[in-house]
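# Fold and contact review
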Amino acid sequence: MSGSCKYIFVTGGVASSLGKGIISASLAKLLQARGFSVTIQKFDPYINIDPGTLNPYEHGECFVTDDGAETDLDLGHYERFLNVPTSQANNVTTGRVYQSVIDKERRGDFLGKTVQVIPHITDEIKRRVLLLGQTGRYDVVITEIGGTVGDIESLPFIETVRQLRWDLGSTNSLVIHLTLVPYIAAAGELKTKPTQNSVKTLLSYGVQPDVVVCRSEYDLGKSIKEKVALFCNIQPDQVIQSLDASSIYEVPLMMKKEKLDEVVLRRLELNQPQEIDLQRWETFLKRLQNPTGSIRIGIVGKYVELKDAYKSIAEAFVHAGAELECKVNISWIHSESIHEENVDDKLHSLNGVLIAPGFGNRGIEGKIIAVKYARENNLPYFGICLGMQCAVIEYARNVLGLKDAHSSEFSNSAAHKVIDLMEEQQEIEEKGGTMRLGAYTCHLEEDSKAIKAYCRKEISERHRHRYEFNNNYLSQFNAAGMKTTGKNPEKGLVEIVEIEEHPWFVGVQFHPEYKSTVLNPHPLFVGFVKAAMQRAKTLKEKQPA
Ligand code: GLN
């Protein structure tokens, strides 16, 4: 049934937010570094078809794949660690599973049978687990089950794991359970009871974990590992500790030290094709941990209270910073807090400002004031999606003199809709999955900052928006000095704007942050950080000795 593919399931217990995504990505990285081809899939137990319609306050950033899937932010980690693109098949929600089953029922595919969680929902989950393995592209598929064992919502997924373990056999499949071993300060002790209970819950569903990974603030030591092993029917070397790390990118090395990959390979009877090669990863970490300088970047957005809302942007700065051996400090600035009177206070000490993607009117004027400040003060500026649209609106109002310029997203009655709804969006009313989504090609102009950064004429970047630069204003902008330096060749849509006279002012309609990885830092983030480093250097030189 499995072909030659092996399946690893990662479940979580005790508490959420223990980092199943990072453990999955770290294990995948170690297996990849040994020459195996690996992909990671995430099942999310909520009813939404995808996270595209979720408020970022609810679920953090929505990550977008090349094929236009709106997915969980853990897929971002998978791509950043593995340097391999994911797709729609890598993220499945309960909503999507039920939708497929209900569609089949309406078509009459079940031939009059009563449609039930077992076997119909579990069969559909199974189909989606095996789908990736059946492509023949992977030696190992890691499936992360969202939520915490014991939740009502994740039960069908755990039941599917139970069934699949029987179908696949014990050397073709493996279960890793991630738990928490808390430290009770008053007693001065690490406590294993929550882990024991969580494994008991998993056992009550018929699933025996092969490996228990324990998140802990302190070293577990031999005795705690032995205790967990004893209570969970495993050997002590199948108990892996996962201590807090100063960077998520250290976790693969910590897992290697704990021999997580070796236990997994042994149990799956996978022969190690070659020595582990983590040289490039280690070089990245060395650079990350030994910066020779530092800069401060302001990220202006409206969800800044929740850092996960801009996860890929924050990580792209980590990659670019390591590449340039520069520590990138981030100041999170709420767009609603910026006014004409305080903009200088808020932005003057920064070496660069990035305006984040977003939807809706809240905080827009604050963003436009920040753009004006960056443009007039030669402060390196990077606008992503809505950030690019704000740059266009600001330029129209304050340079082209089109006082009433706006995006039709925010004012349908504006005289100058310099950002307008895309033609193909005019008739669309449904919200889910209806934006311009996924990878599109973009042609770069000679002599632009973009082409200098990418060192290529044609690029492909991922999109997630409804509105676009209004081409009726194209010649006006170009003549005044805001150049449209990137265009989609098929549709003529403007993808990049730049200000020629400015040290680094770039707005992009796409989301470069989704494609930045540890091994391939994104060229625009590298270009922006370089410009900010230059700005920091100039400011320092100007300071009186
Ligand atoms: N709200 C804007 C649009 O839909 C920008 C979207 C974004 O920043 N991702 O076009």
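Note that the coordinates shown come from a computational prediction; the quantities given were computed from them, not determined experimentally.

### Side note on the packing of helix 14 (residues 364-376) against helix 15 (residues 386-398)
At a minimum axis separation of 9 Å, helix 14 and helix 15 run at an interaxial angle of 70°. Considered as vectors, helix 14 and helix 15 are oriented roughly perpendicular to each other. For the pair helix 14 and helix 15, the contacting residues are Ile364, Glu365, Lys367, Ile368, Val371, Lys372 and Arg375 in the first and Leu386, Cys390, Ala391, Ile393, Glu394, Tyr395, Arg397 and Asn398 in the second. Of the residues assigned to the contact of helix 14 with helix 15, the class counts are 8 nonpolar, 1 polar and 6 charged.

### Quick notes on the pattern of salt bridges
Under the defined criterion, the tally for this structure stands at 35 salt bridges. When the shortest N-O distance is used, the salt bridge between Arg287 and Glu325 registers 3.5 Å. Of this pair, Arg287 sits in helix 11 (residues 279-289) while Glu325 sits in the loop between helix 12 (311-323) and strand 13 (326-334), and the two are 38 residues apart along the sequence. Exposure remark for Arg287: the relative accessible area of 33% places this residue in the partly exposed category. Among the charged side chains, a salt-bridge network with shared partners connects Lys42, Asp44, Asp72, Asp74 and Glu144.

### Some details on empty space enclosed by the protein
Rolling a probe over the atoms, with the probe sized like a water molecule, indicates the empty space that remains. By the definition in use, this model includes 1 cavity of 30 Å³ or more. Around the largest cavity sit Val38, Thr39, Ile40, Tyr78, Leu82, Val84, Pro85 and Thr86, which together line it. With 3 residues, the top contributor of residues to the lining of the largest cavity is strand 2 (residues 38-44). Of the residues belonging to the lining of the largest cavity, the class tally is 6 nonpolar, 2 polar and no charged.

### Brief notes about the sheet that holds strand 16 (residues 405-407)
Strands sit in the order 16-17-20 across an open sheet of 3 strands; the sheet is mixed. With partners counted over all chains shown, the strands left at the sheet margins are strand 16 and strand 20 (467-469), one partner each. Neighbour to neighbour, the strand axes of the sheet diverge by 30° on average, direction disregarded. In the sheet, strand 16 pairs with strand 17 (residues 416-421) via 3 bridges, with the strands oriented parallel. Among the inter-strand pairings, Ala405 is bridged to a residue of strand 17, identified as His416.

### Some words on unusual backbone geometry
When glycine is set aside, most residues are seen to have a negative phi, and most peptide bonds are trans. Ile118 connects to Pro119 through a cis peptide bond whose omega is 15°. By the secondary structure assignment, Pro119 is in helix 5 (residues 117-134). With phi around 60°, Ser17 is a residue other than glycine that occupies positive phi space. Position of Ser17 among the secondary structure elements: in the loop between strand 1 (6-12) and helix 1 (20-33). By relative accessible area, Ser17 is classed as exposed at 73%. At Glu325, a position not held by glycine, the phi torsion is positive, near 50°.

### Points about the pairing of strand 11 (residues 239-243)
Across the 5 residues that make up strand 11, a large majority, 4, are buried. Bridge count for strand 10 (residues 211-216) against strand 11 is 5 bridges, and the pairing is parallel. If you follow Arg215 over to strand 11, its bridge partner there is Ser242. After leaving strand 10, the chain enters helix 8 (residues 221-231) and then returns to the sheet as strand 11, a path that is right-handed.

### Let's talk about the site of the ligand
Taken together, Pro357, Gly358, Phe359, Cys385, Leu386, Gln389, Glu409, Arg464, His465, Arg466, Tyr467 and His511 make up the full set of residues near the ligand. Here an oxygen atom of the ligand and a side-chain polar atom of Gln389 are 3.1 Å apart. Here a nitrogen atom of the ligand and a side-chain polar atom of Glu409 are 2.7 Å apart. Against a free-state accessible area of 300 Å², the protein chains account for coverage of 99% of the ligand. Put simply, the ligand lies in the second largest pocket. Where the shell around the ligand is concerned, the elements lending two or more residues are helix 15 and strand 19 (458-465). Tallied by class, residues from the shell around the ligand come to 5 nonpolar, 4 polar and 3 charged.

Basis of the calculations
Residues numbered from 1 in each chain as written. Predicted model: local features only at pLDDT ≥ 70, side-chain atom pairs only at ≥ 80, totals over all residues. Heavy atoms only, no water. Axes fitted to C-alpha atoms, helices over the stretch in contact; angles between N-to-C directions. Helix = DSSP H or I, 4+ residues; strand = E, 2+ residues; numbered from the N terminus. Parallel < 35°, antiparallel > 145°, perpendicular 65-115°, else oblique. Contact = heavy atoms within 4.5 Å. Nonpolar A, V, L, I, M, F, W, Y, C, P; charged D, E, K, R; others polar. Salt bridge = Lys/Arg side-chain N within 4 Å of Asp/Glu carboxyl O. Buried < 20%, exposed > 50% of the residue type's maximum accessible area, 1.4 Å probe, protein only. 1 Å grid on protein atoms, 1.4 Å probe; cavity = no way out; pocket = protein on both sides within 12 Å on 5 of 7 lines; lining within 4 Å. Points joined across faces, edges and corners; volume = space filled by probe spheres on them. Pairing = 2+ DSSP bridges. Right-handed = clockwise from strand over helix to strand, strands pointing away. Near = heavy atom within 4 Å. Polar contact = N/O pair within 3.5 Å; in protein donor to acceptor, adjacent residues only side chain to side chain. Areas by Shrake-Rupley, 256 points an atom, 1.4 Å probe, with all protein chains shown as cover. Sits in = over half its atoms within 2 Å of the grid points.

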